[in-house]
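Okay, here's what each chain looks like letter by letter:
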Amino acid sequence: MGAHEVVVNDRAWVYATIPASPSVHSCRTVALLAHLDTSPEAPSTNVRPQLHDYADGDIVLKDGIVIPAAQLAAYKNQRIITSDGTTLLGADDKAGMAAIMEMAAHLLREPEKYPHCRVRVCFTPDEEIGHELEKPDVEALGANCAYTVDGGKLGEFEDETFNAWAATVTVKGFNCHPGTALNVMVNAMRVAGEFLAMLPKDASPETTCNRQGFIHPVSMEGDPAQATIKMIIRDFDLEGVERLKDRVRAIADSVERRHPGSHIAVNYRFQYQNMKPLIDQVPEVCDIALEAMRCANVVPIPQPVRGGTDGSKLTVMGIPTPNLFAGGENFHSKTEFLPVASLEHCLQVLLHLVRLHGERSTPLPALVLPAHTE
């Protein structure tokens, strides 16, 4: 393709540079990121993409997998890509990669037809399991701002994420022979089950939406002597996260008191923080993205993302990084689908994005980072 400075580092990150158009003298460098891996929550090997000329009704795939018509109403008379129903599609985030690669081909082939600032491309390998940006290499990225192309349906734009903590709840009991357990055994599994039953029903993923936070148990293992529960805690506000953490601790204390001989330890680990307060310091980064959408005849849908993105860690490291749509829907499932027109619109947004940054002659101000991000 002719990209410059192509590097694959020891963590399988891929970097490349697209030089600015010769006629563009902007001092800005914009990074575009996507991730290669797909979710482990659904089968992802031997994906067999299917192309549908969609008219109306449900899309029925193998094994009785159905994408209901209600989810497809906006895409009548469009082409839609799905898997065959035995796997996920992988549009999260191979759609983002495809859009970036096609943009790169346009810029490198015809740099004056598509005027643009200097662009850095970065593909990461482990986004879905949360390892890709544990130690982001800001210097290697070499950008003033960045955009992840990892969003969902047409028009989605996200500059706000959860504040995120992981919790490990360790329940210790006392085990002995079940035949002589009367008034002796303290079964850690039963104690852990009571703890889970007491978690607030109104603060779970199943009962919350929009800006509401939640407590979410994700795994449990153990035996009568010891049980371990892994959880995640999410809220858009730092105060909200602390309230949820306090609720978990209070429940643990209450259950421990009701089971003499047991001990419940709760340990928290910071994961990422809401990037919006930092991104708001440089509103031009978002303004240009929204303008690029309008230039591509896309109606922007600004919204918080009920999760995290690569941009969460990058923003905290000093590179404001909102998230752009790539067009896919129903991520992490066998019903995942991608309207072709949405992906084509993503490409047009990226072309306008790097053009608009190239038209700015002033540098972006540096973020004022907090002394402690955890």
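Residues numbered from 1 in each chain as written. Predicted model: local features only at pLDDT ≥ 70, side-chain atom pairs only at ≥ 80, totals over all residues. Heavy atoms only, no water.

Novice: Any chance you could explain the side chain of Asp84 here in plain terms?
Specialist: Within the secondary structure, Asp84 sits in the loop between strand 7 (79-82) and helix 2 (91-109). With relative accessibility at 5%, the residue Asp84 sits in the buried group. (Helix = DSSP H or I, 4+ residues; strand = E, 2+ residues; numbered from the N terminus. Buried < 20%, exposed > 50% of the residue type's maximum accessible area, 1.4 Å probe, protein only.)

Novice: I tried to follow the sheet that holds strand 4 (residues 50-53) on my own but got confused; where do I start?
Specialist: Hydrogen bonding along the main chain pairs the strands of a sheet, whether they run parallel or antiparallel. The strand order across the open sheet built from three strands is 4-7-17, with neighbouring strands paired in antiparallel fashion. Both edges of this open sheet fall to strand 4 and strand 17 (337-339), since each of them pairs with a single strand only. Averaged over neighbouring strand pairs, the angle between their axes works out to 25° when direction is ignored. Bridge count for strand 7 against strand 17 is three bridges, and the pairing is antiparallel. Bridge assignment links Ile80 to a residue of strand 17, and that residue is Pro339. Contacting strand 4, strand 7 and strand 17, helix 9 (residues 340-358) runs over the sheet at an angle of about 65° to strand 17. (Pairing = 2+ DSSP bridges. Axes fitted to C-alpha atoms, helices over the stretch in contact; angles between N-to-C directions. Contact = heavy atoms within 4.5 Å.)

Novice: Whenever I open this one, the sheet that holds strand 13 (residues 226-235) confuses me. Can you help?
Specialist: Ordered in space as 12-13-11-14, the four strands form an open sheet in which the pairing is antiparallel. The open sheet terminates on both sides in strands that have one partner only, identified here as strand 12 (214-222) and strand 14 (263-272). Each neighbouring strand pair of the sheet contributes to a mean axis angle of 20°, computed without reference to strand direction. Two elements, strand 12 and strand 13, share eight bridges in a ladder whose sense is antiparallel. The residue of strand 13 that forms the bridge with Pro217 is Met231. Running over the sheet, helix 4 (residues 188-198) touches strand 11 (163-172), strand 12, strand 13 and strand 14 and is turned about 20° from strand 13. Where helix 5 (residues 238-258) meets the sheet, its contacts fall on strand 11, strand 12, strand 13 and strand 14, and the angle it forms with strand 14 comes to roughly 165°.

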